[in-house]
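Below are the chains, spelled out letter by letter.
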Amino acid sequence: MENNKLDRAKKRVEELKGFYIHLAVYILVNTFISTMKIVRNLGDGETFGEAFWDFGTFAVWFFWGIGVFFHGVKVFSYNPFFGKDWEKRQIQKYMDKDKKEADKYR
């Protein structure tokens, strides 16, 4: 039993580590890509505002960010729709319904 707990704890730490590495790579790579895009746009004669607010500057941040978000949701077990409270309410609902049906025939 202790070995099982240790294995689960190790797995959890590996998941957290994977998420934090993913987040760090996301920030570093996207900062580099955005900087290079802005510098290139400035070299093409755009103003800083035009270069900075270009869709391409934020596209990778946005789309890769969706992946990082869902990775975080999985790792931190956040599920606003089907959490433990939802499960408990559904179980209670069906138990009450079954009890009500059984009580009709008494």
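Residues numbered from 1 in each chain as written. Predicted model: local features only at pLDDT ≥ 70, side-chain atom pairs only at ≥ 80, totals over all residues. Heavy atoms only, no water.

Peer 1: Even after reading the chapter, I still don't get helix H3 (residues 55–75), so can you show me in this structure?
Peer 2: It helps to recall that an α-helix has 3.6 residues per turn; residues three or four apart then point in one direction. A rise of 1.5 Å per residue sets the reference length of H3, with its 21 residues, at 30 Å; its end C-alpha atoms lie 30 Å apart and thus fit the reference within 8%. Buried within H3 are the following residues: Thr57, Ala59, Gly65, Val68, Gly72 and Val75. Ser77, located one to two residues past H3, shows a positive phi value of around 55°. (Helix = DSSP H or I, 4+ residues; strand = E, 2+ residues; numbered from the N terminus. Expected span 1.5 Å × (residues − 1). Buried < 20%, exposed > 50% of the residue type's maximum accessible area, 1.4 Å probe, protein only.)

Peer 1: Just to check I follow, could you spell out the packing of helix H1 (residues 2–43) against H3 for this structure?
Peer 2: In contact at an axis separation of 10 Å, H1 and H3 are set at 175° when each is read in the N-to-C sense. One finds that H1 runs roughly antiparallel with respect to H3. Tallied by class, residues from the contact of H1 with H3 come to 14 nonpolar, 11 polar and four charged. (Axes fitted to C-alpha atoms, helices over the stretch in contact; angles between N-to-C directions. Parallel < 35°, antiparallel > 145°, perpendicular 65-115°, else oblique. Nonpolar A, V, L, I, M, F, W, Y, C, P; charged D, E, K, R; others polar.)

Peer 1: Would you mind showing me how to read the environment of Val60 here?
Peer 2: Among the structural elements, Val60 can be located in helix H3. For Val60, a relative accessible area of 31% gives the class partly exposed. Along the backbone, Val60 and Ser34 are 26 residues apart, and their C-alpha atoms lie at a distance of 8.6 Å. Apart from residues lying up to four places away in sequence, Val60 is in contact with Asn30, Ile33 and Gly65. (Contact = heavy atoms within 4.5 Å.)

Peer 1: I'm lost on the pattern of salt bridges in this one. Help?
Peer 2: One side chain can pair with another of opposite charge once the charged atoms of both are near each other. Tallied over the entire structure, the rule returns two salt bridges. With a shortest N-O distance of 2.8 Å, Asp54 and Lys37 are connected by a salt bridge. Here Asp54, found in the loop between helix H2 (48–52) and H3, pairs with Lys37, found in helix H1; they are 17 residues apart in sequence, far enough to count as distant. (Salt bridge = Lys/Arg side-chain N within 4 Å of Asp/Glu carboxyl O.)

Peer 1: What's the story with the confidence of the model for the protein chain in this structure? I'm lost.
Peer 2: Interpretation of this model should avoid reading the predicted coordinates in detail wherever pLDDT is low. When pLDDT is averaged along the protein chain, the result is 89, and 94% of the positions lie at 70 or above. Ranking the elements of the protein chain by mean pLDDT puts helix H4 (residues 84–104) last, at 83, and H1 first, at 93. (pLDDT = per-residue confidence, 0-100.)

Peer 1: Sorry, what's going on with a nonpolar patch on the surface here?
Peer 2: Together, Ile21, Val25, Val29, Phe32, Ile33, Met36, Val39 and Val60 make up an exposed nonpolar region whose accessible area comes to about 640 Å². If you tally residues by element for the nonpolar patch, the top one is H1, at seven residues. The exposure class of Met36 is partly exposed, given its relative accessible area of 40%. (Patch = residues over 30% accessible without salt bridge, like charges linked within 9 Å, V, L, I, M, F, W, Y side chains within 5 Å. Areas by Shrake-Rupley, 256 points an atom, 1.4 Å probe, with all protein chains shown as cover.)

Peer 1: What exactly am I supposed to notice about the side chain of Lys37 here?
Peer 2: We classify Lys37 as buried; its relative accessible area is 16%. One polar contact links Lys37 to Asp54, side chain to side chain, over a distance of 2.8 Å. Contact partners of Lys37, with chain neighbours within four places excluded, come to Asp54, Gly56 and Thr57. (Polar contact = N/O pair within 3.5 Å; in protein donor to acceptor, adjacent residues only side chain to side chain.)

Peer 1: How should the packing of aromatic side chains be read in this particular structure?
Peer 2: The geometry of an aromatic ring pair is captured by two quantities: the separation of the ring centres and the angle between the planes. Summed over all chains, the structure comprises 11 aromatic pairs. A centroid spacing of 5.5 Å and a plane angle of 85° characterise the contact between Tyr26 and Trp64, whose relative ring orientation is edge-to-face. Here Tyr26, found in helix H1, pairs with Trp64, found in helix H3; they are 38 residues apart in sequence, far enough to count as distant. Geometrically, the ring pair formed by Phe48 and Phe52 is stacked, given 5.8 Å between the ring centres and 20° between the ring planes. (Phe/Tyr/Trp six-rings, centres within 6.5 Å; stacked < 30°, edge-to-face > 60°.)

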